[in-house]
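Remarks on the overall topology
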Amino acid sequence: MRALFSRVADILFRRSRDRRLDEEVQSHLDLLTDEFIAKGLSEPDARLAARRAFGGVDQMKEQYRDQRSLPFFDTLAQDVKFSIRLMRKDALFTITAAGSLALSIAALTMAFSIVNAFVFKPLPIADERSVYSLNDTWSYPDLKDLEARLDVEALIGYRISMMSVGVKPETSILWGYLATGNYFQALGITPAAGRFFTPAEDAAPGASPYAVISYDTWQSRFGGRPDAIGGSVSINGRPFTILGVAPRGFQGTEVFYRPEVWVPMTMQAEIEVGSTWLANRQTRNVMVLTRLRNDRPREVSEAQMRTVVTQLSKEHPRHGPLTLRLSRPGMFGDQLGAPARAFAWGLFGLGALLMLAGCSNLAGLLLARGNDRTREIVLRAAVGAGRMRIARQLLTESILLALCGGAAGAAIAWAGTRAVSAWRLPTELPAQLDLTADSTITLFAIAASLVVGTIVGIAPARFATRLDLNQSLKGHADSGVRSRRFQGREILVAVQVALCVVLLHASFLAVRGLQRASTASLGWNPSGLVMAATELGLARYPHEQFLSYIDRVRDEARQLPGVQSVSVSNSMPLHLDQSNTVIYALPATEPPVVTGASYYSVSPGFFANLQIPLREGRDFTEFDGPDAPAVAIVNTVLAERLFPGQNAIGRQVSNGRGHPIAIAGIVNSGKYVGIGETPRAAIFFPLKQFYSTSSMLIVRTSSGASLTPEDLRAVIRRVDPNLPIRTAATGEQLTAFPLLPYRAGVIALGLLGVIASGLLLSGLHAMLAYAVIRRRREIGIRMALGADRATVIRTVVSRVIKTIAIGGAAGAILTVGTGPAISSMVLGVSPREPALLAAIGGVVAVIAAASCAGPIRRSLGVDPVIALRTD
Amino acid sequence: MSPNAEVPYGTLDLMVLKTLAGLGPLHGYGIARRIEQVAEGTLALNQGTIYPALLRLEQQGWIKSGWGTSENNRRARFYSITATGKKRLAAEADSWARTVAIVNRLLATD
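Read on for an overview of the structure.

Quick look at the overall build of chain B now. Scanning chain B for helices and strands turns up 4 helices and 3 strands. Traced from its N-terminal end to its C-terminal end, chain B shows the element sequence α-β-α-α-β-β-α. Considered along the principal axes of its C-alpha atoms, chain B spans approximately 55 × 30 × 20 Å. Counting only residues that meet the buried cut, chain B has 41% of its 110 residues in that class. Mean positive and mean negative side-chain charge positions of chain B (13 and 9 charges, respectively) differ by 9 Å.

Counting its secondary structure elements, chain A contains 27 helices and 21 strands. Counting only C-alpha atoms, chain A reaches 130 × 85 × 55 Å along its principal axes. Every one of the 871 residues in chain A was classed for burial, and the buried ones make up 52%. When contacts within chain A are restricted to residue pairs at least 6 apart in sequence, long-range pairs at least 24 apart make up 80% of them. Summed over its atoms, the accessible surface of chain A is roughly 38,400 Å², and 59% of this surface lies on carbon and sulfur atoms. The averaged location of the 70 negative side-chain charges in chain A is 9 Å from the averaged location of its 91 positive side-chain charges.

We now examine the interface of chain A and chain B. Contacts between the two partners involve 25 residues from chain A and, on the opposite side, 27 residues from chain B. Buried surface at the junction of chain A and chain B, summed over both partners, amounts to about 2,300 Å²; 53% is from carbon and sulfur atoms. Applying the counting criterion to the chain A and chain B interface returns 5 salt bridges. For the salt bridge of Arg33 of chain B with Glu35 of chain A, the shortest nitrogen-to-oxygen distance reads 2.9 Å. Across the contact surface, chain A and chain B share 13 residue pairs in polar contact (both at pLDDT 80 or more). Looking at the side of chain A that touches chain B, the elements that each hand over two or more residues are α1 (2-12), α2 (14-38), α3 (43-54) and α4 (57-68) of chain A. For the side of chain A that touches chain B, the element with the highest residue contribution is α2 of chain A, accounting for 10 residues. Class assignment of the residues belonging to the side of chain A that touches chain B gives a composition of 7 nonpolar, 6 polar and 12 charged.

Attention now moves to the packing of aromatic side chains. Taken as a whole and judged by the stated rule, the model has 29 aromatic pairs over all chains. Ring centres 5.0 Å apart and planes at 85° place the aromatic pair Tyr183 of chain A and Phe184 of chain A in the edge-to-face group. The class of Tyr183 of chain A is buried, set by a relative accessible area of 0%. Here Tyr183 of chain A and Phe250 of chain A contribute two aromatic rings whose centre-to-centre distance is 6.5 Å and whose plane-to-plane angle is 65°, an arrangement assigned as edge-to-face. Here the residue Tyr183 of chain A occupies a position in helix α8 (residues 183-187), and Phe250 of chain A occupies one in the loop between β7 (238-245) and β8 (261-264), the gap between them amounting to 67 residues. For the pair Tyr183 of chain A and Phe250 of chain A, one class covers both residues: buried. Members of the aromatic cluster, joined through ring pairs, are Tyr158, Tyr177, Tyr183, Phe184, Phe196, Phe197, Phe250, Tyr257 and Trp262 of chain A. A cation over an aromatic ring shows up here: Arg77 of chain B above the ring of Trp67 of chain B, its NZ or CZ 5.2 Å from the ring centre.

The next subject is the pattern of salt bridges. Applying the stated rule across the entire model yields 36 salt bridges over all chains. A salt bridge links Arg74 of chain B to Asp34 of chain A; the shortest N-O distance between them is 2.7 Å. Residue Arg74 of chain B is found in the loop between β2 (63-69) and β3 (75-81), and its partner Asp34 of chain A is found in helix α2; the two belong to separate chains. Judged by its relative accessible area of 22%, Asp34 of chain A falls in the partly exposed class. In this structure, the salt-bridge partner of Asp295 of chain A is Arg293 of chain A, at a minimum N-O distance of 2.7 Å. The class of Asp295 of chain A is exposed, set by a relative accessible area of 56%. Salt bridges linked by common partners bring Glu35 and Lys39 of chain A together with Arg33 and Glu36 of chain B together as one network.

All names here are of chain A. Counting residues in each nonpolar core, the largest one holds 113 residues, and the members touching the most others are Phe118, Leu347, Met572, Phe607, Phe684 and Leu749. Setting aside chain neighbours within four positions, we find Phe118 in contact with Val255, Phe256, Arg328, Met331, Ala340, Ala344 and Leu433. The next biggest cluster of nonpolar side chains, apart from the first, holds 42 residues, and it includes Leu150, Leu155, Val263 and Leu324.

All names here are of chain B. Taken in spatial order, the 3 strands line up as β1-β3-β2 in an open sheet, and their pairing is antiparallel. In the strand order of this sheet, the two ends are held by β1 (26-27) and β2, each with one partner. Two strands pair when backbone bridges link them, and β2 and β3 are joined in this way by 7 bridges, in the antiparallel orientation. Its bridge partner being in β3, Thr69 is matched across the sheet by Arg75. In the packing of helix α1 (residues 11-23) onto the sheet, the strands contacted are β1, β2 and β3, and the crossing angle to β3 comes to about 95°.

Time to look at the packing of helix α18 (residues 543-558) of chain A against helix α21 (residues 709-719) of chain A. Residues and elements named next belong to chain A. For the pair α18 and α21, interaxial distance at closest approach is 9 Å and the crossing angle is 135°. When the axes of α18 and α21 are compared, the pair comes out oblique. When you trace α18 past α21, the crossing you get is right-handed. Contacts from Tyr549, Arg552, Val553, Glu556 and Ala557 in α18 reach Val715, Ile716, Arg718 and Val719 in α21. By residue class, the composition of the contact of α18 with α21 is 6 nonpolar, no polar and 3 charged.

All names here are of chain A. Position of Gly670 relative to the elements: it lies in the loop between β18 (661-667) and β19 (682-686). Of the residues examined, Gly670 reaches a relative accessible area of 15% and is grouped as buried. Distance from Gly670 to Ile612, taken between C-alpha atoms, is 8.4 Å for residues 58 residues apart in sequence. Sequence-distant contacts of Gly670, defined by excluding residues within four places in its chain, comprise Leu522, Gly523 and Glu677.

Parameters at a glance
Residues numbered from 1 in each chain as written. Chains lettered and ligands numbered in written order. Predicted model: local features only at pLDDT ≥ 70, side-chain atom pairs only at ≥ 80, totals over all residues. Heavy atoms only, no water. Helix = DSSP H or I, 4+ residues; strand = E, 2+ residues; numbered from the N terminus. Buried < 20%, exposed > 50% of the residue type's maximum accessible area, 1.4 Å probe, protein only. Lys, Arg positive; Asp, Glu negative; His and termini not counted. Charge placed at Lys NZ, Arg CZ, Asp CG, Glu CD. Contact = heavy atoms within 4.5 Å. Areas by Shrake-Rupley, 256 points an atom, 1.4 Å probe, with all protein chains shown as cover. Buried area = accessible area lost by both parts, 1.4 Å probe. Salt bridge = Lys/Arg side-chain N within 4 Å of Asp/Glu carboxyl O. Polar contact = N/O pair within 3.5 Å; in protein donor to acceptor, adjacent residues only side chain to side chain. Nonpolar A, V, L, I, M, F, W, Y, C, P; charged D, E, K, R; others polar. Phe/Tyr/Trp six-rings, centres within 6.5 Å; stacked < 30°, edge-to-face > 60°. Lys NZ or Arg CZ within 6 Å of the ring centre and 35° of its normal. Core = buried A, V, L, I, M, F, W, Y, C linked by side-chain atoms within 4.5 Å. Pairing = 2+ DSSP bridges. Axes fitted to C-alpha atoms, helices over the stretch in contact; angles between N-to-C directions. Parallel < 35°, antiparallel > 145°, perpendicular 65-115°, else oblique. Left-handed = near helix turned anticlockwise from the far one by under 90°.

Structure, rendered in structure tokens:
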């Protein structure tokens with residue numbers, strides 16, 4: 001060990017150590033000379049004698065050096081130096097090869113960072129492995145019952161909530177969590193400043209006006225001032241005390257959402273003013289995490305939990321069944337888990353395929369170059385370089401090249417993940433995806449490039465060891481290696497064609513998915529709509545004021561020029577705010593129960609405004625007021641589920657509270673939560689019977705008129721300047737958000753397809769260009785013997801076409817396997833569309849034509865005389 | 001034994017260690033000289049070959065070196081034995097003695 005260490009040191013300090021030896025030898029020789037002079041020799045004789053006594057100085061030095069250093073590293077240094085010289089000499093080749101590798105490594109690394117964010121990266125909490133997310137959302141009474149009955153370390157509830165926070169000089173809407181009192185304690189995190197609220201501070205409804213703010217909010221809104229902690233802040237017009245600041249980098253317990261403030265859950269009525277659900281078992285809107293006990297396996301805990309949940313479900317049959325499933329936290333109760341994971345892993349798989357294409361590309365380039373270098377290699381072998389030594393040199397070159405590509409790729413990926421992480425999703429709540437990661441990503445890129453360099457380098461290295469010296473030296477450039485029917489290079493190109501087909505198929509599928517989604521029938525017409533949403537609860541409107549607001553804002557909006565129709569509702573389809581409820585048919589003895597029905601509170605004229613066709617019955621009127629009998633309009637899906645094969649009009653239903661509700665009308669079904677959703681049940685209530693604090697003004701403009709979201713903001717401000725406005729958008733902007741996953745798919749997969757096409761272009765070009773050079777003699781001879789140019793072209797092109805055809809066929813077969821996987825990661829596409837394969841074939845043909853043009857022109861330009869003379 | 005035998009493989013290290021242990025710090029020339037003296041002309045030592053040996057011993061930490069001035073005022077590198085070197089010498093000498101004894105006994109049984 002010690003010797004090794006000193007040897008390494010010797011390599012580092014080689015120069016000075018060389019000098020030291022020289023000096024030492026010189027002094028030794030001098031002393032010897034002195035001795036011989038003392039013995040009576042003349043000085044020149046003495047010097048000679050001294051040399052003789054000392055022995056061969058150079059041999060000794062050589063031995064000394066070998067002894068001193070590690071020969072492995074010495075040769076490595078030589079190899080690296082030589083490789084760098086070569087890389088600089090052939091800069092174009094280096095840039096092409098390293099560049100294509102960089103792109104594929106960057107793509108794979110980006111895909112890996114998405115996998116990392118979705119699957120591996122732990123939340124910054126203590127002992128993350130024992131924390132699990134319960135499926136979907138739960139009601140607060142269910143949460144409390146479970147907490148009392150379950151044998152777990154902790155059960156944590158939280159809910160995404162919006163609040164208006166007064167930080168002088170203005171009131172702004174902040175997004176946060178309503179969280180149970182044990183939230184911070186059970187997660188085991190420590191505050192950056194101040195303290196967190198405790199279970200005791202979440203005991204009684206309305207008794208704990210406390211808030212914890214995120215580190216970023218502390219910095220941005222409170223300037224990081226220490227005196228902000230303990231200070232008072234106005235939330236929805238009530239004073240709350242800021243207890244403390246969450247640690248830096250703690251972004252709550254969801255991957256996609258960054259809360260800015262936490263408030264104890266028992267303060268719900270103060271935060272979501274106008275709605276109280278803490279006592280409602282049917283309002284399932286709390287996300288739940290659990291920390292399992294460490295002293296028993298997860299399966300045991302899960303089985304126990306399942307028993308308790310089943311029991312609870314039996315006790316409250318009216319509220320629909322409860323099921324339990326544990327999953328990794330962070331994916332909205334795993335509602336996003338499966339699609340997010342499918343997307344991430346699918347992307348990673350495609351990234352790996354691209355990487356494989358990049359490898360084949362690089363291997364092809366290196367192999368072609370290895371062929372070009374036959375002479376150099378043969379010469380080196382002839383003057384005594386061992387074959388292993390030559391192979392090692394070639395391997396060093398490819399690894400070095402791969403490392404350059406890897407470094408560039410890592411840099412691109414780094415910039416890419418930074419850009420994605422900084423991007424705030426175009427929606428009103430703070431949705432962001434943190435892709436930035438620790439050094440694992442960089443390590444991944446470097447490891448990937450090392451693997452690539454080795455794999456790719458093996459081919460040329462093997463080529464070098466198979467060389468037939470005798471033939472090669474004689475100048476038969478292509479006779480050094482026995483020619484086979486289908487050569488390695490052609491196999492590599494075929495592989496690239498196949499992978500390119502697979503990746504193009506994936507990107508075309510994504511494009512088709514987006515195309516389908518953007519032209520999908522929503523069941524209502526977003527074009528020409530403008531909306532603005534406000535939160536009356538945040539301004540603490542009492543009930544009467546709420547009723548008068550609806551009329552005033554409608555009247556005010558009707559005054560705008562170019563208005564065709566106006567409606568007010570709590571929300572609208574495909575908006576972020578979607579609520580579900582349980583609906584069952586009355587009489588309640590024999591329940592068809594529909595859980596998860598979307599519900600909306602809407603003013604008269606809502607359906608006409610959104611252009612939702614009324615199938616049967618009537619629309620709401622001004623007479624469906626607070627004192628009139630409760631009525632509702634259902635969509636065809638809900639009508640069919642509750643009253644299959646019967647007439648639903650006039651039948652009575654219940655949502656579990658209050659009076660029976662009579663069905664007054666049936667409307668066509670549409671898309672409510674997402675564009676790719678399966679048909680959903682929906683129910684609409686008259687706004688004045690089911691008031692909601694969320695109030696959305698929706699205006700349809702007559703064609704030719706131009707109303708902007710700003711105009712609607714102004715309308716609301718004219719009605720009440722103190723109302724906080726959440727969003728204002730056009731119908732198109734609103735429907736753009738649900739299209740986001742489709743767009744993401746197109747961008748991600750499209751990028752892979754583009755890179756794959758680029759690789760194929762360069763790979764084909766390299767193969768052809770090389771084939772032309774290699775077969776120059778043959779072409780020359782053919783032409784000299786009278787072959788016409790067409791025949792020559794045919795000889796060059798036929799092999800290429802055969803290669804592409806074989807690769808393309810293999811790719812087409814592969815898509816049969818990859819297609820279903822891609823349609824599971826990209827929403828709403830069917831993997832088999834004949835038109836797609838035709839399009840892919842077209843793209844490949846264009847790539848082939850583009851890459852062939854140059855080399856073919858060159859092969860036509862071959863002058864038989866010159867060609868026959870060279871080599 | 002012929003008058004000018006090669007240095008048996010592996011014994012040069014032992015000779016150098018013993019020399020340094022006996023005589024204290026010495027330069028390469030001094031060490032070579034001493035070994036030749038002891039051999040009394042029966043050893044063909046290329047004096048240069050002791051340098052790789054010195055490096056080897058230094059790498060193992062058995063000897064250390066530093067610049068100094070020779071008796072006739074020449075700058076020279078002086079080597080001295082370290083504590084671990086002394087231990088090593090004892091062990092090596094022991095094993096050498098045993099090896100020689102074995103070989104002697106083998107040769108005697110004839």
